[in-house]
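Examining the three-dimensional arrangement
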Amino acid sequence: MNKSLVMAGSILVVIIAFGILSLGLIGSTEREGPLVIYFPVGKDFLNSNEGTATFQFKFPDTGFKVGEETADILMFLDSKQIDGLKILYHQKEMKLSAGIPFLVVENIAILDGQEHKLVYTFDRAQEQQSVSLDGNLLASGAYSGGVTVLTGYVAYEEFNVVESDFPIEVNIE
């Protein structure tokens, strides 16, 4: 058999195999990163030195879904003023994460049909931050400021964000 014919046949088989593999990937419904419900508040901290964000809401006890899929995270804030500062509720894990570095509080139920008031405060000069729920301090700790490569707090994560029109009251000072 001719060597060039065998070579051409081998190349054709490889091209067809890659084509089939590519079609399988294109048709895949796999998503990258967590599914996030974002409450666009249109507000942010006035400066990066100190501030308080207050969120008042009454979420249903059924949780938040996109279609048939339960969202992984409810995002209260993704600050543009302070790079990396986020306030997140991991609804499947019942965990709250806020600040830089994250203050993490577990076993927090906010999807219970009750009214809640969530408050996050930071002060760069005092190097302190805190988060409270319904007037109860949940966590406090050191505040490091904006996230950069130099601080060591590089936290990049791919999110699949879906905006919600669910009403929450927001005050940021």
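Residues numbered from 1 in each chain as written. Predicted model: local features only at pLDDT ≥ 70, side-chain atom pairs only at ≥ 80, totals over all residues. Heavy atoms only, no water.

A few points about the overall build of the chain
Quick reminder of the rule: In DSSP terms, a helix is any run of H or I states spanning at least four residues, a strand is any run of E spanning at least two, and both are numbered starting from the N terminus. Only protein chains enter the accessibility calculation, which uses a 1.4 Å probe. A residue is then buried if its area is under 20% of the maximum for its type, exposed if over 50%, and partly exposed in between. By the convention used here, residues are in contact when the closest approach between their heavy atoms is within 4.5 Å. Each accessible area is a Shrake-Rupley result for a 1.4 Å probe, and residues are judged covered by the shown protein chains and nothing else.
Each helix and strand counted, the chain has 1 helix and 13 strands in total. The linear arrangement of helices and strands in the chain, starting from the amino end, is α-β-β-β-β-β-β-β-β-β-β-β-β-β. Taken across its 173 residues, the chain has 36% of its residues classed as buried. Counted over contacts in the chain with a minimum sequence separation of 6, partners at least 24 positions apart contribute 60%. Summed over all atoms, the accessible surface of the chain reaches about 10,600 Å², with 55% contributed by carbon and sulfur.

Observations concerning the packing of aromatic side chains
Worth spelling out the cut-off: Ring pairs shown here join Phe, Tyr and Trp side chains whose ring centres sit within 6.5 Å, with only the six-membered ring taken for Trp; geometry is labelled stacked below 30 degrees between planes, edge-to-face above 60, and tilted in between.
A full pass over the atoms with the stated rule returns 14 aromatic pairs. Ring geometry for Phe55 versus Phe76: centroids 5.3 Å apart, planes at 55°, classification tilted. Here Phe76 lies in strand β5 (residues 73–78) and Phe55 lies in strand β2 (residues 50–58), a separation of 21 residues in the sequence. Residue Phe55 is classed as buried on the basis of its relative accessible area of 0%. Its relative accessible area of 0% is what places Phe76 among the buried residues. Three or more aromatic residues joined by ring pairs form one cluster here, namely Phe39, Phe55, Phe57, Phe59, Phe64, Phe76 and Phe166.

What about the pairing of strand β9 (residues 115–123)?
Quick reminder of the rule: Two strands form a pair only when DSSP identifies at least two bridges running between them.
Pairing geometry for β2 and β9, over 9 bridges, is antiparallel. Bridged to Glu50 within β9 is Asp123. By the bridge criterion, 6 bridges tie β9 to strand β10 (residues 128–133) in an arrangement that is antiparallel. When the sheet's bridge partners are listed, Thr121 is paired in β10 with Ser130. Count of turn residues in the β9/β10 antiparallel hairpin: 4 residues, of which Glu127 carries a positive phi of about 55°.

Focus: the sheet that holds strand β12 (residues 160–163)
Either a parallel or an antiparallel arrangement is found when strands of a sheet pair, and the pairing is made through backbone hydrogen bonds. In plain terms, the rule: The convention used is that axes are lines fitted to C-alpha atoms, helices contributing only their stretch in contact, and that angles between N-to-C directions extend from 0 to 180 degrees.
Across the sheet, which stays open at both edges, the 6 strands sit in the order β8-β7-β6-β5-β1-β12 with mixed pairing between neighbours. Only two strands of the sheet have a single partner each, and these edge strands are β8 (103–106) and β12. Neighbour-to-neighbour, the strand axes of the sheet open up by a mean angle of 20°, direction not taken into account. Across 4 bridges, the pairing between strand β6 (residues 86–90) and strand β7 (residues 95–98) is antiparallel. The residue bridging His90 from the neighbouring strand is Lys95, located in β7.

With respect to the environment of Ile82
Inspection of the secondary structure assignment puts Ile82 in the loop between β5 and β6. In this structure the C-alpha to C-alpha distance between Ile82 and Leu46, which are 36 residues apart in sequence, comes to 9.8 Å.

Focus on the confidence of the model for the chain
Using the following cut-off: The quantity called pLDDT is the predictor's confidence in a given residue, expressed from 0 to 100.
Overall, the predicted model of the chain reaches an average pLDDT of 82, with 75% of residues at or above 70. Taken as a whole, residues 12–29 scores under 50 in pLDDT and shows 0 contacts with residues more than four places along the chain or in a different chain. Here residues 149–156 is a poorly scored stretch, pLDDT under 50, and it has 9 contacts once near neighbours within four places are set aside; other chains count.

Some points on the nonpolar core
In plain terms, the rule: Think of a nonpolar core as a cluster: buried Ala, Val, Leu, Ile, Met, Phe, Trp, Tyr and Cys residues, connected wherever their side-chain atoms sit within 4.5 Å.
In terms of nonpolar packing, the biggest core is built from 36 residues, with Phe55, Phe59, Phe76 and Ile87 touching the most fellow members. Formed by 6 residues, the second largest nonpolar core is a distinct cluster that contains Ile73, Met75, Leu88 and Phe159.

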